Amino acid sequence: MDRTALVVGARGVIGGNLIAHLEKEGGWKVIGLSRRGGPDVGAVRHIAVDLLDRDDTTARLSGLTDVTHVFYAAYQDRPSWTELVAPNLAMLVNVVDAIEPVAPRLEHISLMQGYKVYGAHLGPFATPAKESDPPHMPPEFNVDQQQFLEGRQAGASWSWSALRPSVVAGVGLGNPMNLAMVIAIYASISKELGIPLRFPGKPGAYTSLIEMTDADLLAAATVWAATSPGSRNEAYNITNGDMFRWSSMWPKIAAFFELETAPPLPIRLSEIMADKASLWETMVERHGLRPTPYSDVSSWEFGDFVFAWDYDVIADTSKSRRAGFHGYVDSEQMFLRIFQDLRDRRLIP
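Residue indices follow the written sequence of each chain, beginning from 1 at its first position. Selection of residues for local features in this predicted model requires a pLDDT of at least 70, selection of side-chain atom pairs for listing and counting requires 80 or more, and totals for whole chains, interfaces and linings are taken over all residues. Values shown for side chains rest on all heavy atoms present in the structure; no hydrogens or waters enter the calculation.

### Looking at the overall build of the chain
As a reminder, the rule being used: The numbering of helices and of strands both runs from the N terminus, where a helix is a DSSP run of H or I of at least 4 residues and a strand a run of E of at least 2. Only C-alpha atoms enter the radius of gyration, while the globule expectation follows 2.2 Å times N to the 0.38, with N the number of residues. Only protein chains enter the area calculation, which uses a 1.4 Å probe; residues under 20% of their type maximum are buried, those over 50% are exposed, and those in between are partly exposed. Contact criterion: two residues are considered in contact whenever any of their non-hydrogen atoms come within 4.5 Å of each other. To be clear on the numbers: accessible area is Shrake-Rupley with a 1.4 Å probe, and residue cover counts the displayed protein chains and nothing else. The convention is simple: Lys and Arg are positive, Asp and Glu are negative, and His and the chain ends are not counted. Just so you know, the charge point we use is NZ for Lys, CZ for Arg, CG for Asp and CD for Glu.
Helix and strand counts for the chain come out as 14 helices and 13 strands. Against the globule reference of 20 Å for 349 residues, the chain gives a C-alpha radius of gyration of 20 Å, in line with a compact fold. Counting only C-alpha atoms, the chain reaches 60 × 45 × 35 Å along its principal axes. Among the 349 residues that make up the chain, the fraction classed as buried is 54%. The contacts of the chain with a sequence gap of at least 6 include a subset with a gap of at least 24, amounting to 79%. Accessible surface, the chain: about 14700 Å² in total, of which carbon and sulfur atoms supply 52%. Charge separation in the chain, taken as the distance between the mean sites of 32 positive and 41 negative side-chain charges, equals 2 Å.

### Structural notes on the pairing of strand β2 (residues 28–34)
Definition in use: Following DSSP output, two strands are said to pair if at least two bridges run between them.
Burial of β2 is extensive: six of the seven residues sit out of reach of the surface. Judged from the six bridges that link them, strand β1 (residues 3–8) and β2 form a sheet pairing that is parallel. Within β2, the position partnered with T4 by the bridge is K29. Where β2 lies against strand β3 (residues 44–48), five bridges are found, and the strand directions are parallel. Looking across to β3, one finds that G32 is bridged to H46.

### Quick notes on the packing of aromatic side chains
The line we're drawing: Centre distance within 6.5 Å is the pairing criterion for rings of Phe, Tyr and Trp, where only the six-membered ring of Trp is used; planes under 30 degrees apart are then read as stacked, over 60 as edge-to-face, and the remainder as tilted. The criterion is that NZ of a Lys, or CZ of an Arg, lies within 6 Å of the ring centre and within 35 degrees of the ring normal, and then a charge sits over that ring.
Evaluated as defined, the whole model comprises 24 aromatic pairs. Between F256 and F257 the ring centres are 5.0 Å apart and the planes differ by 80 degrees, which places this aromatic pair in the edge-to-face class. Across this residue pair, the class does not change: F256 and F257 are buried. Here the aromatic rings of F256 and F339 are separated by 5.7 Å at their centres, their planes lie at 45 degrees, and the arrangement is tilted. With F256 in helix α8 (residues 246–256) and F339 in helix α14 (residues 331–344), the pair connects residues that are 83 residues apart, well separated along the chain. A single burial state applies to F256 and to F339, both of which are buried. Joined through ring pairs, the aromatic side chains of F199, Y206, F244, W246, W250, F256, F257, F307, F335 and F339 make up one cluster. The ring of Y236 has K319 lying over it, and the distance from NZ or CZ to the ring centre is 5.2 Å.

### Some words on unusual backbone geometry
The omega torsion of the bond from T127 to P128 falls at -10 degrees, within 30 degrees of zero and hence cis. On the secondary structure map, P128 appears in the loop between β5 (108–112) and α4 (141–153). Looking along the chain, the bond that leaves P138 and enters P139 is cis, with omega of 15 degrees. Within the secondary structure, P139 sits in the loop between β5 and α4. For R346, which is not glycine, the phi dihedral falls at a positive 60 degrees.

### Side note on the layout of surface pockets
In plain terms, the rule: Cavity and pocket criteria rest on a 1 Å grid covering protein atoms alone: a 1.4 Å probe that fits but cannot get out defines a cavity, protein on both sides within 12 Å along at least 5 of 7 lines defines an open pocket, and an atom within 4 Å of a point defines a lining residue. Grid points are joined across faces, edges and corners, and a volume is the space filled by probe spheres set on the points. Charged residues are taken to be Asp, Glu, Lys and Arg, nonpolar residues to be Ala, Val, Leu, Ile, Met, Phe, Trp, Tyr, Cys and Pro, and polar residues to be all remaining types, Gly included.
Considering only enclosed or pocket space, the second largest pocket measures out at about 680 Å³ in volume. Sorting the residues of the lining of the second largest pocket by element identifies α1 (13–25), β3, α7 (215–227) and α14 as the ones contributing at least two each. Considering each element in turn, the lining of the second largest pocket owes the most residues, six residues, to α1. Class assignment for the residues of the lining of the second largest pocket results in 13 nonpolar, eight polar and nine charged.

Written out as structure tokens, the structure is:
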């Protein structure tokens, strides 16, 4: 194993799937960083660290002299866009400041971004978005993070890459941005209550174009960008390769859960699902599910965020294809696979 990966944000849906991909690919030693840490298994070991604590980060990473690749996917939420900048930039700076001086074989730093770079969270934006699109008015921590890496890399022996997925879907608990879990829990509770599965977002969101990024596909693209000489010091949009409208996807999701559909009804999931914790506990016991706190399976605020997009949210992925990444995932099959995986793991009935 001549490569050592430092996965920052190892317990998230992106970091967790990246670690699984590296294990499957082989040839990697993997170190996962997170606030909670985790069990060491095989070639993977975990370190619990508070990345906002500069001294703690420096001390805990001081012995990681064999790191060759840093995969940065950490994120801390805050109430406003302005408040997001300082902590999310500080965590990245603390990691790079800690690793660069002690890891002489450092080859690459990979940064996980998203469509916020294009202003997708602010309202209708130019689509399909391209990596060369001009920036929007700050604050935007994704841009600040990339600018930091670009400036730090000048004259260095390592390179960087930035991955820009759409909404990432995969299996992961306790994550603030996991739409697949939102839909699965919302559908499971709808079935438990004997009501049809209604699309909960804005009317325009039901008919606008959207795309997804499978967490496994994103992991493959991330490793490709970090290890291919021709992809260095570039940003890439990474999506499944297809697009859809919820109006066509929603009935297929409902069919998986053996539910009827009914006309969409705009609701705020963060409000209407807030009183369902006791119902969830009853469902866990009645269906023999793995005991999982309601707070770990529900990301209702993120669901409200995505289902409010009453405009197209799509990006051009031709740059990554021209550079050599040709991965593709059918989004309908992705959803059904994730839901079945959740069911097989006894996380949903």
